[in-house]
Amino acid sequence: MQKLRVGVKVIARHPFSNEMEEAVILRIRRREEYGGRGPFYLVRFREPDKTPAGPRIIRRWHLEEDIESIE
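Residues numbered from 1 in each chain as written. Predicted model: local features only at pLDDT ≥ 70, side-chain atom pairs only at ≥ 80, totals over all residues. Heavy atoms only, no water.

**Student:** Describe the side chain of His14, listing the residues and the values that go with them.
**Tutor:** For His14, the location among the structural elements is in the loop between strand E1 (9-13) and strand E2 (20-29). Judged by relative accessible area, which is 3%, His14 ranks as buried. Among all residues touching His14, those that are not within four sequence positions of it are Glu19, Glu21, Phe45, Asp49 and Ile58. (Helix = DSSP H or I, 4+ residues; strand = E, 2+ residues; numbered from the N terminus. Buried < 20%, exposed > 50% of the residue type's maximum accessible area, 1.4 Å probe, protein only. Contact = heavy atoms within 4.5 Å.)

**Student:** Give a description of the pairing of E2 that names residues and reports values.
**Tutor:** On a regular strand, one side chain projects to one face of the sheet and the next to the other, so that they alternate. With five bridges joining them, E1 and E2 adopt antiparallel strand pairing. Bridged to Ala12 within E2 is Glu21. Here E1 folds back onto E2, and the loop between the two strands holds six residues, one of which, Asn18, carries a positive phi near 65°. (Pairing = 2+ DSSP bridges.)

**Student:** Now, about the nonpolar core: what can you tell me, with residues and values included?
**Tutor:** Buried together is how nonpolar side chains tend to be arranged in soluble globular proteins. In this structure, Leu4, Val8, Val10, Ala12, Ala23, Ile25, Ile28, Tyr41, Val43, Phe45, Ile58 and Ile67 together form the largest nonpolar core, which totals 12 residues. Among the elements of the structure, E1, E2 and strand E3 (40-45) are those that each provide at least two residues to this core. Apart from residues lying up to four places away in sequence, Val43 is in contact with Val10, Ala12, Ala23, Val24, Ile25, Ile58, Arg59, Arg60 and His62. (Core = buried A, V, L, I, M, F, W, Y, C linked by side-chain atoms within 4.5 Å.)

**Student:** Before we move on, could you go through the confidence of the model for the protein chain and cite the residues and values that matter?
**Tutor:** Looking at the protein chain, the pLDDT average stands at 84 and 89% of residues meet or exceed 70. Confidence, expressed as mean pLDDT per element, reaches its minimum in the protein chain at strand E5 (residues 67-69) with 87 and its maximum at E3 with 93. (pLDDT = per-residue confidence, 0-100.)

**Student:** If you had to explain unusual backbone geometry to someone new, which residues and values would you point to?
**Tutor:** Within the chain, Asn18 stands out as a residue other than glycine whose phi angle is a positive 65°. Tracing the chain through its elements places Asn18 in the loop between E1 and E2.

**Student:** Pulling in residues and values, what's your account of the sheet that holds E5?
**Tutor:** Sheet architecture is open: five strands sit in the order E4-E3-E2-E1-E5, paired in antiparallel fashion. Edge positions in the sheet fall to strand E4 (59-63) and E5, since each has one partner strand and no second. For this sheet, the mean angle separating the axes of adjacent strands, direction not counted, is 45°. (Axes fitted to C-alpha atoms, helices over the stretch in contact; angles between N-to-C directions.)

Encoded structure:
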């Protein structure tokens, strides 16, 4: 498995559809922050979410065990 770092393509669970979708890591919060539960990874999903107000880019924080690297 490729080391998770900013810019790496991953597969993560989308918060609305609950399906695994392709995303990119934007930011990493280390384990020392927020009570030691991390690291947390901010991922941006590739496909915008279609809403009546227009397409929205979805970004969410995930734990390492909730995402998979694309090799």
